[in-house]
Amino acid sequence: MLRQAELIDRVRVLCADDDRLDAALTYGSFPQGRGDEHSDIEFWLFFTPSTWPRVDPIAWYERVARPRHSVVNEFGTHVVFFPGLIRAEFHFALSTDIPSVGSWPARGAEVDAMVLIDRSGRLRPVLDSVPLTASAADVPGAAEEICGRFANWILLAHHVAARGEELRAFDALAHVQRHLLWMARLRGGETADWLTPSRAAETTVDPARIAAVTEVATAGSAREGVTAGWRAGRAWWRELAEAGGFDVPAGLIAELDAALG
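All of the points below concern the structure found in this document. (Residues numbered from 1 in each chain as written. Predicted model: local features only at pLDDT ≥ 70, side-chain atom pairs only at ≥ 80, totals over all residues. Heavy atoms only, no water.)

Further remarks concern the sheet that holds strand β5 (residues 86-94). Hydrogen bonds between backbone groups are what pair the strands of a sheet, and the pairing can be parallel or antiparallel. Taking strand neighbours across the sheet as the criterion, the six strands line up as β3-β4-β5-β2-β1-β6 in an open arrangement whose pairing is mixed. Each end of this open sheet is capped by a strand with a single partner; those strands are β3 (69-72) and β6 (115-118). Strand after strand, the sheet turns through a mean of 20° between neighbouring axes, direction not considered. (Pairing = 2+ DSSP bridges. Helix = DSSP H or I, 4+ residues; strand = E, 2+ residues; numbered from the N terminus. Axes fitted to C-alpha atoms, helices over the stretch in contact; angles between N-to-C directions.)

Inside soluble globular proteins, nonpolar side chains tend to come together where they are buried. Judged by nonpolar contacts, the single largest core of 39 residues is most densely connected at Phe150, Leu180, Met183, Trp230, Trp236 and Trp237. Broken down by secondary-structure element, the contributors of at least two residues to this core are α6 (142-162), α7 (166-188), α9 (207-217), α10 (222-244) and α11 (250-260). It is α7 that provides the largest number of residues to this core, a total of 10 residues. Judged by nonpolar contacts, the second largest core, of 25 residues, contains Cys15, Val64, Ala65 and Ala88. (Core = buried A, V, L, I, M, F, W, Y, C linked by side-chain atoms within 4.5 Å. Buried < 20%, exposed > 50% of the residue type's maximum accessible area, 1.4 Å probe, protein only.)

Moving on, we come to the environment of aspartate 128. Summarising the element assignment, aspartate 128 is placed in helix α5 (residues 123-129). The spacing of aspartate 128 and arginine 107 is 21 residues in sequence and 8.9 Å in space, taken between C-alpha atoms. Setting aside chain neighbours within four positions, we find aspartate 128 in contact with Arg107 and Val111. (Contact = heavy atoms within 4.5 Å.)

Moving on, we come to the pattern of salt bridges. All chains considered together, the criterion is met by 15 salt bridges. A salt bridge links glutamate 6 to arginine 3, with the nearest nitrogen and oxygen atoms 3.1 Å apart. One end of the pair, glutamate 6, and the other, arginine 3, are both in helix α1 (residues 3-17), three residues apart, so they sit about a helical turn from each other. Under the relative-accessibility criterion, glutamate 6 is labelled partly exposed at 35%. (Salt bridge = Lys/Arg side-chain N within 4 Å of Asp/Glu carboxyl O.)

Once that is clear, we can look at the packing of aromatic side chains. Taken as a whole and assessed by the stated rule, the structure comprises 12 aromatic pairs. An angle of 0° between the planes, with centres 6.2 Å apart, marks the rings of phenylalanine 150 and tryptophan 230 as stacked. Of this pair, phenylalanine 150 sits in helix α6 while tryptophan 230 sits in helix α10; the two residues are 80 residues apart in sequence, bridging distant segments of the chain. A residue is classified by how much of its surface remains accessible, and tryptophan 230, at 1% relative accessible area, is buried. Taken together, the ring pairs connect Phe43, Phe47, Trp52, Trp60, Tyr61, Phe90 and Phe92 into an aromatic cluster. (Phe/Tyr/Trp six-rings, centres within 6.5 Å; stacked < 30°, edge-to-face > 60°.)

For leucine 156, the location among the structural elements is in helix α6. The exposure class of leucine 156 is partly exposed, given its relative accessible area of 30%. Measuring from C-alpha to C-alpha, the distance between leucine 156 and serine 100 comes to 34 Å, with 56 residues separating the pair along the chain. Sequence-distant contacts of leucine 156, defined by excluding residues within four places in its chain, comprise Arg168 and Ala172.

This part is about the pairing of β5. Within a regular beta strand, the side chains point alternately toward one face of the sheet and then the other, so they alternate between its two faces. Among the nine residues of β5, seven are classified as buried, and the element is accordingly described as predominantly covered. The pairing of strand β2 (residues 41-47) with β5 spans seven bridges and is parallel. Directly across from leucine 45, in β5, lies its bridge partner phenylalanine 92. Across five bridges, the pairing between strand β4 (residues 78-82) and β5 is antiparallel. Within β5, the residue paired with phenylalanine 82 across the bridge is isoleucine 86. Connecting β4 to the antiparallel partner β5 that follows it, the hairpin turn spans three residues, and glycine 84 within it adopts a positive phi of roughly 90°.

Below you can see the structure in the form of C-alpha cells.
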C-alpha cells in the first residue's frame, strides 16, 4: 500500500473519532483511482460551529503523522509536508460551509470514494449535485472564450517582453501555455481533464500539439516564447473558429501578426 493511502486511512479514523466534525471528504487523485507515489492527498473537514473554538488545525493534522513542515498558503489552505515528500492539503471549515461544495465545477470522483464521514447527512446530497467531470461541452461558447483569453495573455507577454521585463513575460507565457493546452484539447476532443489541462497531456493530447506548447515552455527568451505561442495559437484559433462557427477578430490578428511575426 502506498504511504499516501495509509495516511488517508489514518485521516478517516481520526474523522470518525472526532465528534466535533459534522462531515469530511477527500478529493483528488486517490478517490479518482489515479493516485500514485507522486500524488498529493487532499481533505475538507467541516466542524460544527459550536466546537470551532476548540479546533487547532496544527494539532489536528499532527495526529495524522508528524510533518516535516507546514504552511498556510495564499488561499488559506493548510499545506502539510509529511515524511517521504508527501504533500497534503487540509481545508478546515464549518458545517455551514457544506453548501458551498455545490458550487464546485466538478467533483472528479464517485461520492462514495470521497465521503469520509457525514453525520448530519448534509454532505452527500450536495456532492451528488456536483457533476462528476467538467468539460468544455458544459460551457456554452467555451472555445471562443478560451481563444479570447489566449489573446489577452499573449498580448501581455508581448508588451512586457518588449519592455525588457523577462520574468514578467515568462509569467504571462505560463498562462499562454495553459490556454494553448485548452485549445489543443478542444481541437482533439480530449477534454476529460478540462480543469487541469496539463494533466497527463503528454499521453492524451496529440504529440504535435504538445510539441508546439513545449516550444513555448522551453524558449530561450521571452520574445522567442511569444513568437512560438502566437504561431501555434493563431492557427488553432482559426481552426476552432471554423469548427465552432464563430468569427475571428481579423483586425486584432492582423496587428498581432505585424507585431509578433
